[in-house]
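Now for the letters of each chain:
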Amino acid sequence: MRVWGRILVFAVPLALTLAAPARAADTIRLAVQKTGTFSWELAAIRSAGLDREAGLSLQVTELASTEAGKIAMRAGSADIILSDWLWVSRERALGAKLTFYPYSSALGAVMVPASSPIKTLADLKSRKLAVAGGAIDKSWLLLQARMKQDGIDLKSEATIVYGAPPLIAAKALDGEMDASLNFWNFCAQLEAKGFRRLTGIEDILPKLGAKGAVAAVGYVFDENWAASHRDAVARFIAMTRKAKELLATSDAAWDKVAPLTGATEPAVLNTYRDRYRDGIPRRSIDDEEKDARVLYRVLAEIGGRELVGPAAELDPGTFYHAVPGD
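Residues numbered from 1 in each chain as written. Predicted model: local features only at pLDDT ≥ 70, side-chain atom pairs only at ≥ 80, totals over all residues. Heavy atoms only, no water.

### Structural notes on the overall build of the protein chain
Formally: Each helix is a run of H or I in the DSSP string that is no shorter than four residues. Each strand is a run of E no shorter than two, and both are numbered from the N terminus. Working definition: with a 1.4 Å probe on protein chains only, accessible area under 20% of the residue-type maximum means buried, over 50% means exposed, and in between means partly exposed. Contacts: residue pairs with any heavy atoms within 4.5 Å of one another. Calculation of accessible area relied on Shrake-Rupley with a 1.4 Å probe; when residues are assessed, cover is drawn exclusively from the protein chains displayed. The charge count includes Lys and Arg as positive and Asp and Glu as negative, but it does not include His or the ends of the chains. To locate a charge, the coordinates of NZ of Lys, CZ of Arg, CG of Asp or CD of Glu are taken.
When you go through the protein chain residue by residue, the secondary structure sums to 15 helices and 10 strands. Judged by the C-alpha coordinates and their principal axes, the protein chain covers about 95 × 45 × 35 Å. With 326 residues in all, the protein chain has 48% of them scored as buried. Within the protein chain, contacts between residues at least 6 apart in sequence are counted, and of these 78% link residues at least 24 apart. In the structure as shown, the protein chain presents an accessible area of about 15,600 Å², 55% of it carried by carbon and sulfur atoms. Of the side-chain charges in the protein chain, 41 are positive and 39 negative, and the distance between the mean point of each set is 3 Å.

### Description of the side chain of Asp 84
In plain terms, the rule: In the analysis that follows, any N or O atom pair within 3.5 Å is treated as a polar contact, provided that within protein one partner can donate a hydrogen and the other can accept it, and provided that, for residues neighboring in sequence, both atoms belong to side chains.
Note on placement: Asp 84 falls in strand 3 (residues 81-84). Separated by 2.9 Å, the side chains of Asp 84 and Lys 138 make a polar contact. Setting aside anything within four residues of it in sequence, one finds Asp 84 in contact with Phe 100, Lys 138, Ala 216 and Val 217.

### Looking at the packing of aromatic side chains
How two aromatic rings sit relative to each other is given by the distance of their centres and the angle of their planes. Inclusion rule: Stacked, tilted and edge-to-face are the three classes assigned to paired rings of Phe, Tyr and Trp, where Trp is represented by its six-membered ring and a pair needs centres within 6.5 Å; plane angles under 30 degrees give stacked, over 60 edge-to-face, the rest tilted.
The full count for this structure, using the stated rule, is 12 aromatic pairs. Where Phe 100 meets Phe 319, the ring centres are 5.0 Å apart and the plane angle is 65°; that geometry is what we call edge-to-face. Remark: Phe 319 occurs in the segment after helix 15 (285-308) and Phe 100 occurs in strand 4 (residues 98-104); sequence separation between them is 219 residues. Cluster of aromatic residues (ring-pair linked, three or more members): Trp 40, Trp 184, Trp 254, Tyr 272 and Tyr 276.

### Examining the sheet that holds strand 7 (residues 159-163)
Spelled out, the test is: Two strands pair if DSSP finds at least two bridges between them. A fitted line through C-alpha atoms represents every axis, and for helices the fit uses only the stretch in contact; the resulting angles, taken between N-to-C directions, go from 0 to 180 degrees.
In space, the 5 strands of this open sheet follow the order 7-6-8-5-9, with mixed pairing throughout. The sheet is open, and its two edges are formed by strand 7 and strand 9 (196-200), each paired on a single side. Sheet twist, expressed as the average angle between the axes of neighbouring strands with direction ignored, equals 25°. Bridge analysis of strand 6 (residues 128-132) against strand 7 gives 5 bridges, and the strand direction is parallel. Among the inter-strand pairings, Lys 128 is bridged to a residue of strand 7, identified as Thr 159. Contacts from helix 8 (residues 165-173) reach strand 6, strand 7 and strand 8 (179-182), with the element oriented near 155° to strand 8.

### Looking at the environment of Thr 37
Within the element layout of this structure, Thr 37 appears in the loop between strand 1 (26-33) and helix 2 (38-48). Taking the C-alpha atoms as reference, Thr 37 lies 7.9 Å from Thr 261; in sequence the two are 224 residues apart. Each residue touching Thr 37, except ones within four places of it in the same chain, is listed here: Tyr 103 and Trp 184.

### Observations regarding the nonpolar core
Keep this limit in mind: Only buried Ala, Val, Leu, Ile, Met, Phe, Trp, Tyr and Cys residues count toward a nonpolar core, and they belong to the same one when joined by side-chain atoms within 4.5 Å.
Ranked by internal contacts, the top residues of the largest apolar core, which has 92 residues, are Trp 85, Leu 143, Leu 205 and Phe 236. Broken down by element, the residue count for this core peaks at 9 residues, all from helix 15. Beyond its immediate chain neighbours, meaning those up to four positions away, Leu 205 contacts Leu 107, Leu 142, Ala 210, Val 214 and Leu 295. Of all hydrophobic cores here, the second largest spans 10 residues; its members include Ala 109, Ala 132, Ile 168 and Leu 190.

### Let's talk about the pattern of salt bridges
In plain terms, the rule: Here, a salt bridge means any side-chain nitrogen of Lys or Arg that lies within 4 Å of a carboxyl oxygen of Asp or Glu.
Counted by the stated rule, this structure contains 25 salt bridges. Close ionic contact of Glu 53 with Lys 242 constitutes a salt bridge, the shortest N to O distance being 2.4 Å. Here Lys 242 lies in helix 12 (residues 230-249) and Glu 53 lies in helix 3 (residues 50-53), a separation of 189 residues in the sequence. Judged by relative accessible area, Glu 53 falls into the exposed class, the value being 52%.

### So, helix 6 (residues 138-149)
As a reminder of what qualifies: Helices are assigned an expected span. That span is 1.5 Å times one less than the residue count.
The terminal C-alpha atoms of helix 6 lie 17 Å apart, and with 12 residues this matches the ideal 16 Å at 1.5 Å per residue to within 8%. Among the 12 residues of helix 6, 9 are classified as buried, and the element is accordingly described as predominantly covered. Of all the residues in helix 6, the buried ones are Ser 139, Trp 140, Leu 141, Leu 142, Leu 143, Gln 144, Ala 145, Arg 146 and Met 147. Once helix 6 ends, the next one or two residues include Gly 151, with phi positive near 80°.

Below, the structure written as structure tokens:
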């Protein structure tokens, strides 16, 4: 009887534990550009059940543009969006305490037709160059800064045409310009169709002072929200790391992503996959922040107040440092 008594002493608490309801998942509200690569990552997360494994409930609002995501963040209707450290630092200078954690170092490129006589960046002089994203697009400003090191004012010594990324890609395919500077996923489309990468923006960053691949785009959230949801943020970032590793190592994982890319040809999908993998951040947060600080100064000098607002230096709180292992 004493043996059975001991068994019951241990069995009753165990039964109560098993009967207790599971802890409710923490909810994180995401504002995601419908056609953006974050939707690819989310597809991999859900397909592999990584959100359930992390104890997170992801409420996703699909938006038409990155600007809509910024509006959602300002309005308090999203906990996390994708944006860049330049915007985060500018917002902090204006009073909004946002913070940034690296998502991707994939950057745009200058693309030319395979048969183009353009062989170097200097050959862009007197040519027609189409630029996606407008006059203060970061890649365009970095390209100008690099060319000025060689005494070339590309803005005045070439014919510059601005346009939306899809339009620039379409015009490039139609042969309406000599070269184009576009976002990385549109460059991947051109690359798969035989265009040549004259230079990737990542290739010019060392000349501007960066020590490695810089994650220009990241997860952005309010630092006060992060402080009160520290564990959920850590689990979110750990979850996204697992998703990236899955997409980096498993071609089969791309089966769930493929419909979201809009790619109708295997060559395009394969180029998307390869460039996405190239852009997965691998460096410490300290190294990322150091390079961002260097490039911020370059951008502030060439883009001026219109680009960076009142802050000539990267705000000290721009990068989020509270993730275990960073």
